[in-house]
Amino acid sequence: MSIPFDFRMQLLLSLSREISGSLNLSQIMRFIKFSIQTFISNIVWMNIFEVEKDKLIPVIEEEKERFLKNEKFFSEIKKKKEYIYIEDLMEKKYDYFPFHKEAKSALWIPIKRWDKIEGLFGIESEIIKGFKLEDIIFLRIISDFLGVSISNIKLLRENEERKKDFESAYEISLQINKPFKKDKLIKIFLKLILEKFNSIYTAFFERQGNILYLFDYYTTLNGFSLPHQVLIGEGTCGKSAFSGELIKEYEENVEGIKSKMAIPIFWEENLIGVIEMGREKEFSENEIFLANLLSNTFSLSYQNSKYYEELEKYINQMEKLVHEKTQELIKAEKFALIGQMSSVVIHEIKNLLSGISAMAEFILLKVSDEKICEIAKMMKDEVEKAFKNLSNILEYVKPIKLDLKKVRIEEVIKKTLLLSQGFFEGKNIDLEVNFEEDLPEIIMDEDKIKEVFLNLISNAAQAIESKGFIKIKGYKKDSFVIVEVEDNGIGIKKEDIDKIFEPFFTTKKGGTGIGLARVKKILDYHLWEINVKSEVNKGSIFEIKIPLKI
Amino acid sequence: MKKKVKRILIVEDEKTLALTLYEVLFTASGDFEIIVCDKAEDALQKISEKEFDLLITDLKLPGQIDGLELIRRLKEEKRIPSILMTAYGTEEVREEAKKLGVKAYFEKPFSLVEFIKKIKEILDVK
């Protein structure tokens, strides 16, 4: 079972919060293990190996022997700097010795911080091809978070005396690692570091190509302003972007802002932007260290804000979809009511008309006066026409029962065309039928689908006044078979296009507005889609999209 | 030998059709006595008073009893051949009519010529 996208996103956000908020790898490991098992099944083993001066140190202790056996494999990933997915361990494509005896497939992801390998993340599954593409993407994102936290942990280890800075960085990270959108995150972060560093201003420049654009800034100074854009290589932030390192500048002879610091922000190997700040006092070594730590935290939150925006977009889409579906349902209910009502009314009218029809026939039978008979005949004909229309409406109103079989769509079109000869009479219409070879058989109610095409072809022929063409095409596209019925007739007015499938909507003189409504109803029952493109006086294309997998 | 008069009961609430059926049967070659009523309840009353050779009824009737129910009730006591007419033709109605032994089933509108032909066939009249 695949986990819905929004659920994964939420999991990612909370995972990243936990990972970045903790400076204890085994705690992180436990959390990851727990979370991953909730959405990837059949996992039998998982561990993180920290790279420490060319040595690998497992977070959870492993059997030394097995560990050593895999040395060759580990150095291969380190060299490749990309993940290795062993879909089937039996194939022996790699020199890999699984850690779990039931393992059938394995995934190994290098944990990188910028371009440096900080660790390896290994997972084994008890089934062959245990990881889907979306799982791999997900795990790679998690390993990015791991990279940030491992590099922080290492920094802490090397600088035990700077525990205080870690604690302040951690505090700030707790405040910004929330589901914020990008602009809000940046606002909050700029305000936090303004206070933390006692700066006069803090700013974030976002990188686009060779230019840094001022995204937002915070200042305590009235009338202070910054350039809207800076070329990479120019100014404090531009220099920092160019070198990829923290830049500190100090000018003795300036009023006010004597000291400036610019911190590049990376995600994976890519420069996202630069944080710049300024004040009178020079920045201390400790502050520089803290700024470096914060750049780690910020890049993680920045990335999260993008996930969050994506998640929100997705949720909005879902909401829109729900709204649309609700509207459709309301419409459907309205039509159902019209259906019931019209059924009653139609039967009443039919009853009445049957009397008139019988009377007209009676006159025809009993009266010899030609004039009267002619009128009676006309009466009977008119009543019959009315009956036919009413029956059409009734046909639309009553529910559809499908009799499904596997059929070749081109055969259905062929049979339909045999029935369509009458539509072309008296007109000069070029008919062109073109079906791709080897189209798969399609499950359908053949009679109903014939009715659909009969309707579309009849409409196409009616749209052509005297001379024109009708093209019927069938082809495969992705996991759909598409059938198009195209004509170069009078076309449909723009304002009418949305209405043509509604029952009782018609632009034709004497039309009942049932044909296309019936077409839509039949296709809906088949779960097929129909789309129309049309231009007045140029023609129309009706496209039917048949999904091959439902 | 004197020809026996065939007595026909028509139950139809649609006045135009009832009148036309009356007229067409009245003027048809055959000796028919035709009685028309517009409710099944009235029809049951008439049937209890007189013997009928044929019942022609609409399916949908005003009142509590519809055409099929009328035929069902008569089936138990008197075996009168019956014809069902309807504007509400469905497969279910057709099936039910068949089960009740209805001699003919006419979906409205129908051809008078066919209608008379069928009646004569049922009543064995030339």
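Just above sits the structure.
These lines cover the structure that appears in this document, whether it is placed above or below. (Residues numbered from 1 in each chain as written. Chains lettered and ligands numbered in written order. Predicted model: local features only at pLDDT ≥ 70, side-chain atom pairs only at ≥ 80, totals over all residues.)

Before going further, it helps to examine the overall build of chain A. Counting its secondary structure elements, chain A contains 14 helices and 18 strands. Taking as baseline every contact in chain A between residues at least 6 positions apart, the subset at least 24 positions apart corresponds to 64%. (Helix = DSSP H or I, 4+ residues; strand = E, 2+ residues; numbered from the N terminus. Contact = placed C-beta atoms within 7 Å.)

Secondary structure assignment for chain B yields five helices and five strands. Reading the helices (α) and strands (β) of chain B from amino to carboxyl end gives β-α-β-α-β-α-β-α-β-α. Among the 126 residues that make up chain B, the fraction classed as buried is 34%. (Buried ≥ 20, exposed ≤ 12 C-beta atoms within 10 Å, placed from the backbone.)

Listed by partner, the interface residues are 16 residues for chain A and 14 residues for chain B. By residue number, the principal contributor to the side of chain A that touches chain B is helix α9 (residues 285–366) of chain A, which donates 15 residues. Considering only residue class, the side of chain A that touches chain B consists of eight nonpolar, five polar and three charged. (Nonpolar A, V, L, I, M, F, W, Y, C, P; charged D, E, K, R; others polar.)

With that settled, the discussion passes to the pairing of strand β3 (residues 54–58) of chain B. Residues and elements named next belong to chain B. Among the five residues of β3, five are classified as buried, and the element is accordingly described as predominantly covered. Neither face of β3 is exposed, since Leu54, Ile56 and Asp58 on one face and Leu55 and Thr57 on the opposite face are all buried. Here strand β1 (residues 6–11) runs beside β3; their pairing, made up of four bridges, is parallel. In the strand pairing of β3, Leu9 is matched with Leu55. In terms of strand pairing, β3 meets strand β4 (residues 82–86) through four bridges, oriented parallel. Each residue of the ladder has a partner; that of Asp58, found in β4, is Met85. Crossover connection from β3 via helix α3 (residues 67–77) to parallel β4: handedness right-handed. (Pairing = 2+ DSSP bridges. Right-handed = clockwise from strand over helix to strand, strands pointing away.)

To continue, consider the sheet that holds strand β8 (residues 229–231) of chain A. Residues and elements named next belong to chain A. Ordered by their spatial adjacency, six strands build an open sheet running β8-β7-β6-β11-β10-β9, and the pairing between neighbours is antiparallel. Strand pairing shows two members of the sheet lacking a second neighbour, β8 and β9 (247–250), which therefore form its edges. Going across the sheet, the axis of each strand differs from the next one's by a mean of 25°, ignoring polarity. Across three bridges, strand β7 (residues 211–219) lies against β8 in antiparallel orientation. Bridging across to β8, Leu212 finds its partner in Val230. Contacts from helix α7 (residues 182–197) reach β6 (201–208), β7 and β11 (270–279), with the element oriented near 60° to β7. Each of β6, β7, β8, β9, β10 (259–267) and β11 is contacted by helix α8 (residues 235–243), which is oriented at about 35° to β10, the strand it contacts most. (Axes fitted to C-alpha atoms, helices over the stretch in contact; angles between N-to-C directions.)

Its place among the elements puts Thr20 of chain B in helix α1 (residues 15–26). On the neighbour-count criterion, Thr20 of chain B (23 C-beta atoms within 10 Å) is buried. In contact with Thr20 of chain B, not counting residues within four places along its chain, are Gly355, Ala358, Met359 and Phe362 of chain A.

Turning our eyes to something else, we now look at the packing of helix α6 (residues 163–176) of chain A against α7 of chain A. How two helices sit against one another is set out by the angle between their axes and by the gap between those axes. All names here are of chain A. Axis separation between α6 and α7 bottoms out at 10 Å; the angle between their running directions is 155°. By the angle between their axes, α6 is roughly antiparallel relative to α7. Between α6 and α7 lies a crossing of right-handed hand. Touching Ser168, Ile172, Gln175 and Ile176 of α6 are Leu185, Ile188, Phe189, Leu192 and Lys196, all from α7. Of the residues belonging to the contact of α6 with α7, the class tally is six nonpolar, two polar and one charged. (Parallel < 35°, antiparallel > 145°, perpendicular 65-115°, else oblique. Left-handed = near helix turned anticlockwise from the far one by under 90°.)

Our next topic: the nonpolar core. One broad rule of soluble globular proteins: the nonpolar side chains tend to lie buried together. Ranked by internal contacts, the top residues of the largest apolar core, which has 37 residues, are Ile8, Leu9, Ile10, Val11, Leu21, Ile56 and Leu84 of chain B. The element that contributes the greatest number of residues to this core is α1 of chain B, accounting for five residues. In contact with Ile8 of chain B, not counting residues within four places along its chain, are Leu25, Phe32, Ile34, Phe52, Asp53, Leu54 and Ile56 of chain B. Counting 35 residues, the second largest nonpolar core, distinct from the first, contains Ile247, Met261, Ile263 and Ile275 of chain A. (Core = buried A, V, L, I, M, F, W, Y, C linked by C-beta atoms within 7 Å.)

With that out of the way, let us pick up the sheet that holds β1 of chain B. Residues and elements named next belong to chain B. The five strands lie next to each other as β2-β1-β3-β4-β5, forming an open sheet whose pairing is parallel. Lying at the two open borders of the sheet, with one neighbouring strand each, are β2 (32–37) and β5 (104–107). The sheet shows a mean angle of 15° between the axes of neighbouring strands, taken without regard to direction. Against the sheet, α1 contacts β1 and β2, and its axis sits at roughly 175° relative to β2. Against the sheet, helix α2 (residues 40–49) engages β1 and β2, with an angle of about 160° to β1.

Residues and elements named next belong to chain B. Across the interface, α2 lies against α3 with an axial gap of 10 Å and an inter-helix angle of 25°. Comparing the axis directions of α2 and α3 gives the class roughly parallel. The two elements α2 and α3 meet at a crossing, and its hand is right-handed. Note on element contacts: α3 touches α2 through Glu69, Leu70, Arg73 and Leu74, opposite Ala40, Ala43, Leu44 and Ile47. Residues of the contact of α2 with α3, tallied by class, amount to six nonpolar, no polar and two charged.

Next up on the list: α3 of chain B. All names here are of chain B. Every buried residue of α3 is accounted for by Gly67, Leu68, Leu70, Ile71 and Leu74. Seen along its axis, α3 keeps its buried residues to an arc of 155°; they face one direction. Residues Glu76 and Glu77 are exposed on α3 and point more than 90 degrees away from its buried face. Where α3 is buried, its residues touch β1, α2, β3, β4 and α4 (91–99). (Arc of directions from axis to C-beta.)

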